[in-house]
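So the chains spell out like this:
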Amino acid sequence: MSTISKKICLVGDFGVGKTSLIRRFVEQQFSDQYLSTVGVKISRKTVELEGVKEPEKLSLQMMIWDLEGHTKFKGIAPTYLAGAGGAIIVADVTRQETLERMSEHINLFFTVNPKGFIIIALNKSDMFEEEKIDKLLSNYQFEEEKRVLSTHSTSAKTGKDVDIIFHKLADKMAGLT
Amino acid sequence: MNYYVLDKIFNQPSILRHIEYLIVDKNLHILDISEEVQRFADSPTRVVKANDVREGFPELIGYEDILFAIIQGQQEAFQLKGVARSLGQHSPPLYIDIYVVGDRDEKNYESTLIIIIEDATERMVMEQSLVQRVNEANLLLSALAVSKDYIDKIITSMADALLVTTKTGKIKRVNPAAW
């Protein structure tokens, strides 16, 4: 079996749950305590790629970059994004301003990595009225951007759609879908 | 660059240094290291001569284009600041800054990269504590704004009249139903 390594970045405003999504995906754990990320923290997880036949079995080592969140005093440093094959843009469904700033994050990522792929995670969906989630999802589809793969409502707390977004991005970066 | 000078600065028995270095060739294989550079590595045992530097410092994965540009003299330098190391849940945090500059081996004139690693823990821990306070205050502010908006909507749209007065009976607030 051969392994390839790819870098992916989690980008979004502060406090939207980037670190929690990574922790849920890598360690299957969740904590309610908020600890702000400064600089960058890198986690690794190897996933077996689906749709590859047994003799050519391929796995992907995801180098997951947890970036310090955007605040009004400090933006995302483009240096951190360089060389990434994909990004998960994260927003908090309970904070409108984090949803509105997603376009800015998408543009920044594509400026640095025009050939990269993006998945949108509308996080903390467990704290939002279920009937409003569908409307929110349809409002943030970014269909005009062909390299934005899809938008998901996620919850690091319950685990909803967390594995899906990482696996979907992994498959796309490996050129399988 | 005279590596003897680097050796003289870095490889002397002393207190815990804040700066270490690695020298790598154009294939990113390690040619030389300072004595304690492993303590800054993600996989310390992988940081040995002839190994790929990315095995010990995985944050360099993805930056190959930039590193090769420096080796070829197309870019002067590169820096990556505030990289956190996971040393286990109960270990104290460790942060590093990485600086990369190009150089030429004085014996065979091959292009090399000098990777300087600096301990940035003190600065980043202080930054974390400041950022934590500011972010918590902003999250609280945001939650209060949402809560106020919600309460205002209820008061404005309720069918019952609501009057809030001071102790002396002066009206402070009324809702539309009271008009």
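Residues numbered from 1 in each chain as written. Chains lettered and ligands numbered in written order. Predicted model: local features only at pLDDT ≥ 70, side-chain atom pairs only at ≥ 80, totals over all residues.

Once that is clear, we can look at the overall build of chain A. Counting secondary structure elements, chain A contains six helices and six strands. Going from N to C terminus, chain A has its helices and strands arranged as β-α-β-β-α-β-α-α-β-α-β-α. Computed over its C-alpha atoms, the radius of gyration of chain A comes to 15 Å, within 12% of the 16 Å expected for a compact globule of 177 residues. Counting only C-alpha atoms, chain A reaches 45 × 35 × 35 Å along its principal axes. Sequence-distant contacts, at least 24 apart, represent 72% of the contacts inside chain A between residues at least 6 apart. (Helix = DSSP H or I, 4+ residues; strand = E, 2+ residues; numbered from the N terminus. Rg over C-alpha atoms; globule rule 2.2 N^0.38 Å. Contact = placed C-beta atoms within 7 Å.)

A word on the domain arrangement of chain B. In terms of domain boundaries, chain B breaks down into domain 1 (3-119) and domain 2 (128-178). Computed from C-alpha atoms alone, the centre-to-centre distance between domain 1 of chain B and domain 2 of chain B is 54 Å. (Domains from an automatic or database assignment.)

It is worth spelling out the packing of helix α1 (residues 18-27) of chain A against helix α6 (residues 162-173) of chain A at this point. Residues and elements named next belong to chain A. With their axes 9 Å apart at the nearest point, α1 and α6 run at an angle of 85° to one another. The angle between α1 and α6 places the two elements in the roughly perpendicular class. From α1, Leu-21, Arg-24 and Phe-25 reach across to α6, where they touch Val-162, Asp-163 and Phe-166. The class makeup of the residues in the contact of α1 with α6 is four nonpolar, no polar and two charged. (Axes fitted to C-alpha atoms, helices over the stretch in contact; angles between N-to-C directions. Parallel < 35°, antiparallel > 145°, perpendicular 65-115°, else oblique. Nonpolar A, V, L, I, M, F, W, Y, C, P; charged D, E, K, R; others polar.)

Residue and element names in this part refer to chain A. The buried count for α1 comes to seven of 10 residues, which makes it a mostly enclosed element. Among the residues of α1, those classed as buried are Lys-18, Thr-19, Ser-20, Leu-21, Ile-22, Arg-24 and Phe-25. In the core, the buried residues of α1 are packed alongside β1 (2-12), β2 (40-48), β3 (58-67), β4 (86-92), β5 (117-123) and α6. The positive-phi residue at the C-terminal boundary of α1 is Gln-28, with phi of around 55°. (Buried ≥ 20, exposed ≤ 12 C-beta atoms within 10 Å, placed from the backbone.)

Ranked by internal contacts, the top residues of the largest apolar core, which has 74 residues, are A:Cys9, A:Leu10 and A:Ile88. Those residues in contact with A:Ile88, other than ones at most four positions away along the chain, are A:Ile8, A:Leu10, A:Ile119, A:Ala121, A:Ile165 and A:Leu169. (Core = buried A, V, L, I, M, F, W, Y, C linked by C-beta atoms within 7 Å.)

Turning our eyes to something else, we now look at the interface of chain A and chain B. Residue-level contacts link 19 residues of chain A with 22 residues of chain B. Put simply, the parts of the chain that give the side of chain A that touches chain B at least two residues each are β1 and β2 of chain A. Looking at the side of chain A that touches chain B element by element, the count peaks at four residues for β2(A). Classifying every residue of the side of chain A that touches chain B gives eight nonpolar, seven polar and four charged. Relative to strand β3 (residues 77-85) of chain B, β2(A) is paired through two bridges, and the arrangement is parallel. Residue A:Lys41 lies in a different strand from β3(B), and its bridge partner there is B:Ala84. (Pairing = 2+ DSSP bridges.)

Judged from the seven bridges that link them, β3(B) and strand β4 (residues 94-104) of chain B form a sheet pairing that is antiparallel. Among the inter-strand pairings, B:Ala84 is bridged to a residue of β4(B), identified as B:Tyr95.

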